[in-house]
Amino acid sequence: MKRNRQTLAIGVLVGLVIWGGCAAADDASPAMNVEVVATRSHDPRAFTQGLEIDGDVLYEGTGLSGASSVRATNRFTGEQLARVDLPAPYFGEGLTLAGDKLWQLTWQDHTAFARDPNTLAEIGRASYAGEGWGLCTRAGRLVMSDGTDTLTFRDPVTFAPTGSIRLTSHQNARLNELDCAEDGSVYANDWPSDNILRIDPDSGQVLAQINAAGLLPRPLIPNGEDTLNGIAQIPGTDRFLLAGKNWPTTFEVRFVPA
Ligand code: DDQ
């Protein structure tokens, strides 16, 4: 009996060591940190859910039922160019520019709004199954997250699903805001952490994990919902704009080896 217990204990130990080793190997993507290049002020009432830059224009989508909006500002001067508020109960989520449409998701309302990128006026709607979290445009396809480790590809005109890919590691990630970078990779923040994953959306491989903790002292709001959310590559550069829900500041950063 005693012997059996010992054998069992050794077996469990060996199992744990092997399991730990595999988990470590599975998580072998290079670690990176953020280097802050500049900061800008940000509307602390904005429960930031999506961020994207096109030329001089910064698009931001915000959430919460009754406080959701979509805004366009001049990213150099901060001047507001357009703003549309979403009627309750819509809870705005990620957004992206695809051709002549700006698509904006909603969290649990199964509705994507298509907008005129100049006026932000609604020009159409699409419905979808499941939740809407992050959105970006890559090679003529929309890439969408829903709070799981799987990305869905969609037609940029009809919003119909055209495929999906699951991460090959980090399979408990809750992918939130997405940015389709100029190099073809997709950056996603892993809700509710301060980690950003750089993903190859063709293979599902995690190419790097970026620790963006410590940008801002928190909590800003007592319920812990002041998470990092919002990633937008600054066109033609190696820099990214990072934001968060109710953050008073946005951060222009570079990702550097840890
Ligand atoms: N999501 O952005 C992670 C997709 C959803 C976040 C939902 C947070 C709800 C917060 C409600 C706070 C009420 C004051």
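Going along each chain's sequence as written, the residues are numbered from 1 onward. Selection of residues for local features in this predicted model requires a pLDDT of at least 70, selection of side-chain atom pairs for listing and counting requires 80 or more, and totals for whole chains, interfaces and linings are taken over all residues. Excluding hydrogens and water, the side-chain values take into account all heavy atoms of the structure.

*Asks:* What exactly am I supposed to notice about the site of the ligand here?
*Replies:* The ligand sits among Gln-49, Phe-91, Glu-93, Trp-107, Trp-133, Trp-191, Asn-223, Glu-225 and Lys-245. Note that an oxygen atom of the ligand is positioned 3.3 Å from one of the side-chain N or O atoms of Gln-49. At a separation of 3.1 Å, an oxygen atom of the ligand approaches a polar side-chain atom of Glu-93. When the ligand sits alone it has 430 Å² of accessible area, and the protein chains cover 71% of it. Three classes are used, and their members are as follows: Ala, Val, Leu, Ile, Met, Phe, Trp, Tyr, Cys and Pro are nonpolar, Asp, Glu, Lys and Arg are charged, and the others, Gly among them, are polar. When its residues are assigned to classes, the shell around the ligand shows four nonpolar, two polar and three charged. Here a residue is considered near a molecule or strand provided that any single heavy atom belonging to it is located within 4 Å of it. Each polar contact in these results corresponds to two N or O atoms within 3.5 Å; when the atoms are within protein, one needs to be able to donate a hydrogen and the other to accept it, and residues that are neighboring in sequence are counted only if both atoms are side-chain atoms. Per-residue and other accessible areas follow the Shrake-Rupley method at a 1.4 Å probe size, with only the shown protein chains counted as cover for residues.

*Asks:* It is not clear to me how the side chain of Ser-69 should be interpreted in this structure. Could you clarify?
*Replies:* Helix and strand assignments follow DSSP, with helices taken as H or I runs no shorter than four residues and strands as E runs no shorter than two, numbered in order from the N terminus. Note on placement: Ser-69 falls in strand 4 (residues 69–74). Here Arg-71 takes part through its side chain, which lies 2.9 Å from a polar atom of the side chain of Ser-69. With residues near it in sequence (within four places) discarded, Ser-69 still touches Glu-60, Gly-61, Thr-62, Arg-83, Val-84, Asp-85, Leu-86 and Gln-104. Contacts: residue pairs with any heavy atoms within 4.5 Å of one another.

*Asks:* I'm lost on the sheet that holds strand 18 (residues 228–233) in this one. Help?
*Replies:* Working definition: the strands of a sheet are paired by backbone hydrogen bonds and lie parallel or antiparallel to each other. The eight strands lie next to each other as 14-15-16-17-1-20-19-18, forming an open sheet whose pairing is mixed. Two strands in the sheet have a free side with no partner beyond their single neighbour: strand 14 (175–180) and strand 18. Strand-to-strand twist across the sheet, computed as the mean angle between neighbouring axes with direction ignored, equals 35 degrees. Only when DSSP finds a minimum of two bridges between them are two strands counted as paired. As defined by bridge partners, strand 16 (residues 195–200) adjoins strand 17 (residues 205–211) across six bridges and the pair is classed as antiparallel. Interaxial angles span 0 to 180 degrees and are taken between N-to-C directions of axes, which are lines fitted to C-alpha atoms, for helices over the stretch in contact.

*Asks:* Is there a simple way to explain the pairing of strand 11 (residues 141–145) in this structure?
*Replies:* Looking down a regular strand, the side chains alternate between one sheet face and the other. The buried label goes to any residue with under 20% of its type's maximum accessible area, the exposed label to any with over 50%, and the partly exposed label to all in between, with areas taken from a 1.4 Å probe on protein chains only. Burial analysis of strand 11 places four of its five residues in the buried class, the great majority of the element. Where strand 10 (residues 135–138) meets strand 11, four bridges bridge the pair, whose relative direction is antiparallel. In the sheet register, Leu-135 faces strand 11, and the bridge partner there is Met-144. Here strand 10 folds back onto strand 11, and the loop between the two strands holds two residues, one of which, Ala-139, carries a positive phi near 50 degrees.

*Asks:* Honestly, the sheet that holds strand 13 (residues 161–166) in this entry has me stumped. Any pointers?
*Replies:* If you trace the four strands from one edge of the open sheet to the other, you get 10-11-12-13, paired in antiparallel fashion. With one partner strand each, in any of the chains shown, strand 10 and strand 13 form the two edges of the open sheet. Mean inter-strand twist for the sheet, computed between neighbouring axes without regard to direction, equals 25 degrees.

*Asks:* Help me out: how do you make sense of the nonpolar core in this one?
*Replies:* Considering soluble globular proteins, one finds that nonpolar side chains tend to be buried as a cluster. In this structure, Val-34, Tyr-187, Ile-196, Leu-215, Leu-242 and Phe-255 are the most contacted members of the largest nonpolar core, which totals 18 residues. Within the residue set of this core, elements represented by two or more residues are strand 1 (31–41), strand 17, strand 18, strand 19 (239–244) and strand 20 (249–257). In terms of residue count, strand 20 provides more of this core than any other element does, three residues in total. The residues touching Tyr-187, leaving out its near neighbours within four places in the chain, are Glu-177, Leu-178, Asp-179, Ala-181, Ile-196, Leu-197, Arg-198, Ile-210, Ile-231, Phe-240 and Phe-255. As used here, the term nonpolar core means buried Ala, Val, Leu, Ile, Met, Phe, Trp, Tyr and Cys residues forming a set that is joined through side-chain atoms within 4.5 Å. Among the nonpolar cores identified, the runner-up in size contains 15 residues, and Ile-165, Leu-167, Leu-178 and Val-186 belong to it.

*Asks:* Explain the state of the cysteines to me, please; I cannot follow it from the model alone.
*Replies:* One way to say it: the disulfide is the covalent bond shared by the sulfur atoms of two cysteines. Cysteine sulfur atoms that come within 2.5 Å of each other are treated as a disulfide pair. Summed over all chains, the structure comprises one disulfide. At a sulfur-sulfur separation of 2.0 Å, the disulfide partner of Cys-136 is Cys-180. One quick way to see it: the torsion about the S-S bond of Cys-136 and Cys-180 is about 60 degrees, and its sign makes the bridge right-handed. Pair noted here: Cys-136 is in strand 10 and Cys-180 is in strand 14, with a separation of 44 residues, a long-range link. Comparing Cys-136 with Cys-180, the two get one shared label, buried.

*Asks:* So what exactly am I meant to see when it comes to the confidence of the model for the protein here?
*Replies:* One rule of thumb: low pLDDT means the predicted coordinates there are not for detailed reading. Confidence scores here are pLDDT values: one per residue, from the predictor, ranging 0 to 100. In the predicted model, the protein carries a mean pLDDT of 92, and 90% of its residues have values of at least 70. Low confidence marks residues 8–25, where pLDDT is under 50. Its contacts with residues over four positions away, or in another chain, come to zero contacts. For this predicted complex, the interface confidence comes out at an ipTM of 0.93, alongside a pTM of 0.89.

*Asks:* Could you clarify how one ought to interpret the environment of Met-32 in this entry?
*Replies:* Mapped onto the elements of the fold, Met-32 is located in strand 1. With a relative accessible area of 18%, Met-32 lands in the buried category. Distance from Met-32 to Gln-209, taken between C-alpha atoms, is 6.0 Å for residues 177 residues apart in sequence. Residues in contact with Met-32, not counting those within four places in the same chain, are Ala-208, Gln-209, Ile-210, Asn-211, Phe-255, Val-256, Pro-257 and Ala-258.

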